[in-house]
Amino acid sequence: IPQVSFTGNATVALTDAGKHYYSTLSTANTLTIPNNSSVAFATGTAINIVNQGTGNILVNAASGVTLYLAGNSTSGNRIVTTYGVATIQKVASDTWFLVGVGLT
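Described in the following lines is the structure provided in the data block. (Residues numbered from 1 in each chain as written. Predicted model: local features only at pLDDT ≥ 70, side-chain atom pairs only at ≥ 80, totals over all residues. Heavy atoms only, no water.)

Observations regarding the environment of Thr 54
Okay, step 1: In this structure, Thr 54 sits in the loop between strand S5 (46-51) and strand S6 (57-61).
Okay, step 2: Between the C-alpha atoms of Thr 54 and Tyr 83, which are 29 residues apart in sequence, the distance is 8.2 Å.
Okay, step 3: Among residues more than four places away in sequence, those in contact with Thr 54 are Leu 25, Ser 26 and Thr 82. (Helix = DSSP H or I, 4+ residues; strand = E, 2+ residues; numbered from the N terminus. Contact = heavy atoms within 4.5 Å.)

Below is the structure:
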């Protein structure tokens, strides 16, 4: 899976589909999932997140985006903690699921 170096706050882009963000940062940063009207990812798009840094990564759903934690009906932003690994997957126009370990 090709790597995208996570160097600070970022918004996922079409070119990130099928890739993974890799962080070794010591500060907390945000990875934002844009709404479909801004970036029209294909349904089924998956992006991985690997956090080897000591700073957490906030996975932020932009306005209009619903982000569900797999196995939980509650939507909202989530945190990938140190040594956490997660995948976000688009299942509908502005609906994404997040699954992995080291999530809060």
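Picking up after the structure, the text goes on.
What to know about the environment of Lys 90
Okay, step 1: Tracing the sequence through the fold places Lys 90 in strand S8 (residues 78-92).
Okay, step 2: Overall, the relative accessible area of 3% leaves Lys 90 in the buried class.
Okay, step 3: The spacing of Lys 90 and Ile 33 is 57 residues in sequence and 9.9 Å in space, taken between C-alpha atoms.
Okay, step 4: Residues within four places of Lys 90 in sequence aside, it is in contact with Asn 36, Ala 40, Phe 41, Ala 42, Thr 43, Gly 44, Thr 45, Thr 95 and Trp 96.
Okay, step 5: From its side chain, Lys 90 meets the backbone oxygen of Ser 93 in a polar contact 3.4 Å long. (Buried < 20%, exposed > 50% of the residue type's maximum accessible area, 1.4 Å probe, protein only. Polar contact = N/O pair within 3.5 Å; in protein donor to acceptor, adjacent residues only side chain to side chain.)

Digging into the side chain of Ser 23
Okay, step 1: Note that Ser 23 resides in strand S3 (residues 20-23).
Okay, step 2: For Ser 23, a relative accessible area of 1% puts it in the buried group.
Okay, step 3: Aside from chain neighbours lying at most four places away, what touches Ser 23 is Phe 6, Val 50, Asn 51, Gln 52, Gly 53 and Ile 57.

Some details on unusual backbone geometry
Okay, step 1: You will see that Tyr 83, though not glycine, has its phi angle at about 65°, which is positive.
Okay, step 2: Inspection of the secondary structure assignment puts Tyr 83 in strand S8.

Regarding the pairing of S5
Okay, step 1: As defined by bridge partners, S3 adjoins S5 across 4 bridges and the pair is classed as parallel. From the neighbouring strand, His 20 faces S5, where its bridge partner is Asn 48.
Okay, step 2: Pairing of S5 with S8, which is carried by 6 bridges, proceeds in the antiparallel orientation. Bridging from a neighbouring strand, Asn 51 pairs with Gly 84 of S8. (Pairing = 2+ DSSP bridges.)

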